[in-house]
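Analysis of the macromolecular model
Listed below are the residues making up each chain.
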Amino acid sequence: MATRTNRLGTIMNTLNTTLVSAANTGGLQSWIKDNVIPLLLLLIAVMLFVLAQRGDNAKAMKVVAGVVVALAVLGIASSGQADNLGAWMAGLITG
């Protein structure tokens, strides 16, 4: 019983440390860049491999196009250049 309590305490301390570091300015953004994005890219690569093995290349290319667009949006959002991009796009229309 004591071992289970120690493990639970360790898990809670780790979770607390992670949440506190993510609450800091930029902490969540850097955690997503460091952990979530590489895992998602790995998952997408495996999915594309499976689709290509089944011969469904058209669907695989649709997934690739969607991933490229999503990564472009994520890159713009995380770089802090969204305002500049919006102003440039508005300048195309308004002159």
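Everything numeric here is computed off the predicted structure, so don't read it as measured data.

This part is about the confidence of the model for the protein. Per-residue confidence for the protein gives a mean pLDDT of 75; residues scoring 70 or more make up 75%. At the low end of the mean pLDDT range in the protein sits helix α1 (residues 2-23), at 60; at the high end sits helix α4 (residues 82-94), at 85.

Together, Leu39, Leu42, Val46, Phe49 and Val50 make up a nonpolar patch on the protein surface, roughly 500 Å² of accessible area in all. The topology assignment puts valine 50 in helix α2 (residues 27-54). Taking relative accessible area as the criterion, valine 50 reaches 42% and is therefore assigned partly exposed.

Attention now goes to the packing of α2 against helix α3 (residues 57-79). Orientation of α2 relative to α3, taken along the N-to-C sense of each, is 170°, at an axis distance of 9 Å. One finds that α2 runs roughly antiparallel with respect to α3. Between α2 and α3, the contacting residues are Gln29, Lys33, Ile37, Leu41, Ile44, Met47, Leu48, Leu51 and Ala52 on the first element and Asn57, Lys59, Ala60, Val63, Val64, Val67, Leu71, Leu74 and Ser78 on the second. The residue inventory of the contact of α2 with α3, partitioned by class, reads 13 nonpolar, three polar and two charged.

Counting five residues, the largest nonpolar core is built from Leu48, Leu51, Ala60, Val63 and Val67. Secondary structure elements with two or more residues in this core: α2 and α3. When residues in this core are grouped by element, the largest group, three residues, is from α3. The residues touching valine 63, leaving out its near neighbours within four places in the chain, are Ile44, Met47, Leu48 and Leu51.

Conventions used here
- Residues numbered from 1 in each chain as written.
- Predicted model: local features only at pLDDT ≥ 70, side-chain atom pairs only at ≥ 80, totals over all residues.
- Heavy atoms only, no water.
- pLDDT = per-residue confidence, 0-100.
- Helix = DSSP H or I, 4+ residues; strand = E, 2+ residues; numbered from the N terminus.
- Patch = residues over 30% accessible without salt bridge, like charges linked within 9 Å, V, L, I, M, F, W, Y side chains within 5 Å.
- Areas by Shrake-Rupley, 256 points an atom, 1.4 Å probe, with all protein chains shown as cover.
- Salt bridge = Lys/Arg side-chain N within 4 Å of Asp/Glu carboxyl O.
- Buried < 20%, exposed > 50% of the residue type's maximum accessible area, 1.4 Å probe, protein only.
- Axes fitted to C-alpha atoms, helices over the stretch in contact; angles between N-to-C directions.
- Parallel < 35°, antiparallel > 145°, perpendicular 65-115°, else oblique.
- Contact = heavy atoms within 4.5 Å.
- Nonpolar A, V, L, I, M, F, W, Y, C, P; charged D, E, K, R; others polar.
- Core = buried A, V, L, I, M, F, W, Y, C linked by side-chain atoms within 4.5 Å.

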